[in-house]
Amino acid sequence: MTSLDTMVLLIAAGFLLLGVGFANRAEGWGVALIALGWLCMLSTVAYKMYITFG
């Protein structure tokens, strides 16, 4: 698996978490999924920095 595949997988997982969380934002676990999706999206930036500078 290349680094591009990993980043696309992270972005897709983040969008999925954000979508499910936003659809269920009235529940406590929906808000938690939104937070996890947000962190998953930010992890792509951290992963790219690791690839570039690491």
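Residues numbered from 1 in each chain as written. Predicted model: local features only at pLDDT ≥ 70, side-chain atom pairs only at ≥ 80, totals over all residues. Heavy atoms only, no water.

Quick word on helix α1 (residues 3–23)
Spanning 21 residues, α1 covers 30 Å between terminal C-alpha atoms, matching the ideal 30 Å at 1.5 Å per step. Among the residues making up α1, those that are buried are M7, G14 and G21. Looking down the long axis of α1, one finds its buried residues gathered within 65 degrees of arc, a one-sided arrangement. Turned more than 90 degrees from where α1 packs its buried face, L4, L9, F15, L16 and A23 sit exposed. The inward-facing, buried residues of α1 contact α2 (28–53). (Helix = DSSP H or I, 4+ residues; strand = E, 2+ residues; numbered from the N terminus. Expected span 1.5 Å × (residues − 1). Buried < 20%, exposed > 50% of the residue type's maximum accessible area, 1.4 Å probe, protein only. Arc of directions from axis to C-beta. Contact = heavy atoms within 4.5 Å.)

Focus on the packing of aromatic side chains
Applying the stated criterion across every chain yields a total of zero aromatic pairs. Across from the ring centre of F22, 4.2 Å away, lies the NZ or CZ of R25, which sits over that ring. (Phe/Tyr/Trp six-rings, centres within 6.5 Å; stacked < 30°, edge-to-face > 60°. Lys NZ or Arg CZ within 6 Å of the ring centre and 35° of its normal.)

Concerning α2
With 26 residues, α2 should reach 38 Å at 1.5 Å per residue; the first-to-last C-alpha distance of 38 Å fits that figure. Taken residue by residue, α2 has G30, L33, G37, C40 and T44 as its buried positions. For α2, the secondary structure elements touched by its buried residues are α1.

As for the environment of T44
Among the structural elements, T44 can be located in helix α2. The exposure class assigned to T44 is buried, which follows from its relative accessible area of 9%. Each C-alpha atom of the pair T44 and G19 lies 18 Å from the other, and the pair is 25 residues apart in sequence. A polar contact of 2.5 Å, which involves the side chain of T44, links it to the backbone oxygen of M41. (Polar contact = N/O pair within 3.5 Å; in protein donor to acceptor, adjacent residues only side chain to side chain.)

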